[in-house]
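Architecture and fold: a report
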Amino acid sequence: MNIKRFSVIDRLFHLFVMLTFLTMAATGFGRVFVVTDWGRGLCSLFGGYEACGSIHRWVGISMIVAFFVHIVYVFAKIQWRNLKQSIFGPDSLVPNLQDLRHIGKRILWSFGIGSPPELDRWTYWEKFDYWAVFWGMPLLAITGLMMMYPMETCLFVPGWVLNLAAFLHKAEAILAVTFIFTVHFFVQHLRPSSFPLNQAMFSGSVPMEEASSEKPAWIARLESEGKLEQATVVAPSLPFRVAYLIFGYSVMGVGVYLLINGIVYSRYVTLH
Amino acid sequence: MNVAQCRKNVGICIVLIGIVDLLLFQPSALGQGEESASRVRRYKQYEVSTGYYEDYEVKPRRQVPLVGTVGVKRWLKGLSYNLSPATVRSRSFMPDSHYGVKFYEKMSCESCHVEQAHNVHSLRANITCRQCHGPEPIAGIYHYFSPMNPVRRHAYVCSKCHEGASASYAAYVIHEPSAASPTAKKGFASLYYSYWLMLILLVGTLAFFIPHSFVVGVREFFWKRKKAQEDSSHEHQTV
């Protein structure tokens, strides 16, 4: 028996971000590292330095569009009549004091002190993942658009702001790539509790035992509200599970490949 | 229809025609910073021009690049690319900036200007120094008649490739100082501080999450094993 965690729309958003983020990372790395052999090879995969740039720009625009669609989706999800509960309640992704307590408790537990925290529906690391993308996207989008339209940008700001934009774009991209390809992959998939793959974002549901051992407060809350029956769904079929296992691991493989090569070749390029 | 209403309608029509005229036939407000529309026209202007541009021709709309106006936008001054007089070499003002350099004919640009050779234009687009700085004698970039002088750099240098470059556009720093360097701290404060901001963000995030996830991972491994052992022993008892 599985318990429902993400809707189809949530999963589609995540799938879209996976594919576009990986494309952006590959094309962006190709352009930054084009002075090295590896970077040139990466660029030629997409049809050369110029083609790499235009793919980067078009995928970027589609990400901006998807970001606005996501904001509309979030506004539609908010229960306006029950605003306070909807924003600060346990079903919300907005961080609160409880998360700080959970961090402290989980750190103590990891050193063998006390019991694990009673996590609710969204844990603090899941909230961090969500908001990291949420604030990173506008920064990358604004600096990216500034570099896409330099003449128009310079009508409003002096040219040296483009130096800043280029620097911030690269620095934020490195931050995002490093975080996703190390911490996100490890915490969500390779950690002993969710190894080999956290199926929540692919099948939309998690096994009951997994949910009740990691997020007991959520299951208890569903039980007390009498919504547990409503939230249970059938487990995904075997072919589907095999398919997303292969897909997930190939995405992880590409990501880690990009990161390792990026680190290896980083001494041949400068940040600006 | 009475006279007042008729007059009102005529008034609305005139306003609409005015708007259409503004949009279609008047020069665009966005195009103010641009020099000219086509290559042919720009070349013609190049031939007849003194090379000096009036402020209204080259100013960006919100800010004057490189040229200070007393009391205007002082707060941006500290953050902008703004080298102190001490770092600007006196040779930058000479008509031949390499005047008196020994064995000059035998040298290449990179042998002295090592850092300057590592810029995006040379590395990515394979542009040589002389494609922008011109043939001998290379005038100092602040010499009054130099094509590199900020009053005409956009038209004489940048727009050779970047069509429609404005003076503001030409204020992009090609040979920018390394973001972490003391030169950047003095001359390009915003770049220097955004470097530290992003570094603290990166190191801070990873310094918390990597050890935290690792330690939790190890703990979970043993916790899971212990739990599995307990379950199996429990099963033995019930059997």
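Residues numbered from 1 in each chain as written. Chains lettered and ligands numbered in written order. Predicted model: local features only at pLDDT ≥ 70, side-chain atom pairs only at ≥ 80, totals over all residues. Heavy atoms only, no water.

Moving on to the sheet that holds strand 3 (residues 232–233) of chain A. Residue and element names in this part refer to chain A. The three strands lie next to each other as 2-1-3, forming an open sheet whose pairing is antiparallel. Whereas interior strands pair on both sides, the edge strands pair on one side only; in this sheet they are strand 2 (205–207) and strand 3. As judged from the two bridges shared by strand 1 (residues 2–4) and strand 3, these two strands associate in the antiparallel manner. Note that in strand 3 the partner of Asn 2 across the bridge is Val 233. (Pairing = 2+ DSSP bridges. Helix = DSSP H or I, 4+ residues; strand = E, 2+ residues; numbered from the N terminus.)

Residue and element names in this part refer to chain B. For chain B, mean pLDDT is 78; residues scoring 70 or higher make up 73% of the total. Element-level pLDDT for chain B is lowest in helix 4 (residues 74–77), with a mean of 56, against a maximum mean of 90 in helix 9 (residues 153–156). Here residues 61–72 scores under 50 on pLDDT; set against residues more than four positions off or in separate chains, the count is 18 contacts. Model confidence for the complex is summarised by a pTM of 0.82, with the ipTM given as 0.90. (pLDDT = per-residue confidence, 0-100. Contact = heavy atoms within 4.5 Å.)

Moving on, we come to the packing of aromatic side chains. Note on aromatic pairs: each is described by the distance of the centres and the angle between the planes. Taken as a whole and assessed by the stated rule, the structure comprises 30 aromatic pairs over all chains. Between Phe75(A) and Trp80(A), the ring centres sit 5.8 Å apart and the planes meet at 25 degrees, which makes this aromatic pair stacked. Among the aromatic residues, those joined into a cluster by ring pairs are Phe29(A), Phe33(A), Trp38(A), Tyr257(A), Tyr265(A) and Tyr268(A). A cation over an aromatic ring shows up here: Arg5(A) above the ring of Trp218(A), its NZ or CZ 5.2 Å from the ring centre. The ring of Trp223(B) has Lys227(B) lying over it, and the distance from NZ or CZ to the ring centre is 5.0 Å. (Phe/Tyr/Trp six-rings, centres within 6.5 Å; stacked < 30°, edge-to-face > 60°. Lys NZ or Arg CZ within 6 Å of the ring centre and 35° of its normal.)

Two cysteines whose sulfur atoms are joined by a covalent bond form what is called a disulfide. The tally for this structure, following the rule as stated, stands at zero disulfides over all chains. Lacking any disulfide linkage, Cys43(A) is separated from the closest cysteine sulfur, that of Cys52(A), by 3.9 Å. Left unpaired, Cys112(B) is separated from the closest cysteine sulfur, that of Cys109(B), by 8.9 Å. (Disulfide = S-S within 2.5 Å.)

Residues and elements named next belong to chain A. Positionally, Tyr 244 belongs in helix 13 (residues 238–265). Distance from Tyr 244 to Asn 163, taken between C-alpha atoms, is 41 Å for residues 81 residues apart in sequence. Filtering out sequence-adjacent residues up to four positions away, Tyr 244 remains in contact with Leu 197, Gln 199, Phe 202, Ser 203 and Pro 236.

A few words now on the environment of Phe188(B). Its location among the elements puts Phe188(B) in the loop between helix 10 (182–187) and helix 11 (189–238). For the pair Phe188(B) and Ser92(B), spaced 96 residues apart in sequence, the C-alpha to C-alpha distance is 19 Å. Residues contacting Phe188(B), with those up to four places away along its chain left out, are Trp160(A), Asn163(A), Leu79(B), Ser80(B), Tyr81(B), Val173(B), Glu176(B), Pro177(B) and Thr183(B).

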